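As a plain string of letters, each chain reads:
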Amino acid sequence: MKWLEIIKLRSVRENPEELDEFLRSLDQVSQEGPIEIKIYRHAAIETDLSLHLLWEANQPEKNGSALGLRLAQVLKDFGLIDHSLWLEQEK
């Protein structure tokens, strides 16, 4: 089963270098992590971003993965967080 973990950040600071450095470090995530990590910036609000973690597992974590929970905790230092899980709809 595939599932998507989305962490949205509404940052209170514009272009924080520390945040950009943190996001670049996500390339170092272990091989036991998600299938894919993607980062999106809002088209109109430069300080809003959405971090997408795509997972494949027999059962999704109901409250979020350990990685997602850690990322959400760290990103709280930069602004408001919305952390949610989405299950792939079977056809």
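What you see is a predicted model, and the numbers here were worked out from it, not measured in a lab. (Residues numbered from 1 in each chain as written. Predicted model: local features only at pLDDT ≥ 70, side-chain atom pairs only at ≥ 80, totals over all residues. Heavy atoms only, no water.)

## Brief notes about the sheet that holds strand S2 (residues 36-41)
Line of reasoning, step 1. Strand order in the open sheet formed by four strands is S2-S3-S1-S4, and the pairing between neighbours is antiparallel. The open sheet terminates on both sides in strands that have one partner only, identified here as S2 and strand S4 (79-87). Pairwise comparison of adjacent strand axes, ignoring direction, gives a mean angle of 15° for this sheet.
Line of reasoning, step 2. As defined by bridge partners, strand S1 (residues 2-11) adjoins strand S3 (residues 48-56) across nine bridges and the pair is classed as antiparallel. (Pairing = 2+ DSSP bridges. Helix = DSSP H or I, 4+ residues; strand = E, 2+ residues; numbered from the N terminus. Axes fitted to C-alpha atoms, helices over the stretch in contact; angles between N-to-C directions.)

## Here's the deal with the confidence of the model for the protein chain
Line of reasoning, step 1. Per-chain confidence: the protein chain averages 86 in pLDDT, with 89% of residues scoring 70 or above.
Line of reasoning, step 2. Looking across the protein chain, the model is least confident in helix H1 (residues 17-24), with a mean pLDDT of 78, and most confident in S4, with 95. (pLDDT = per-residue confidence, 0-100.)

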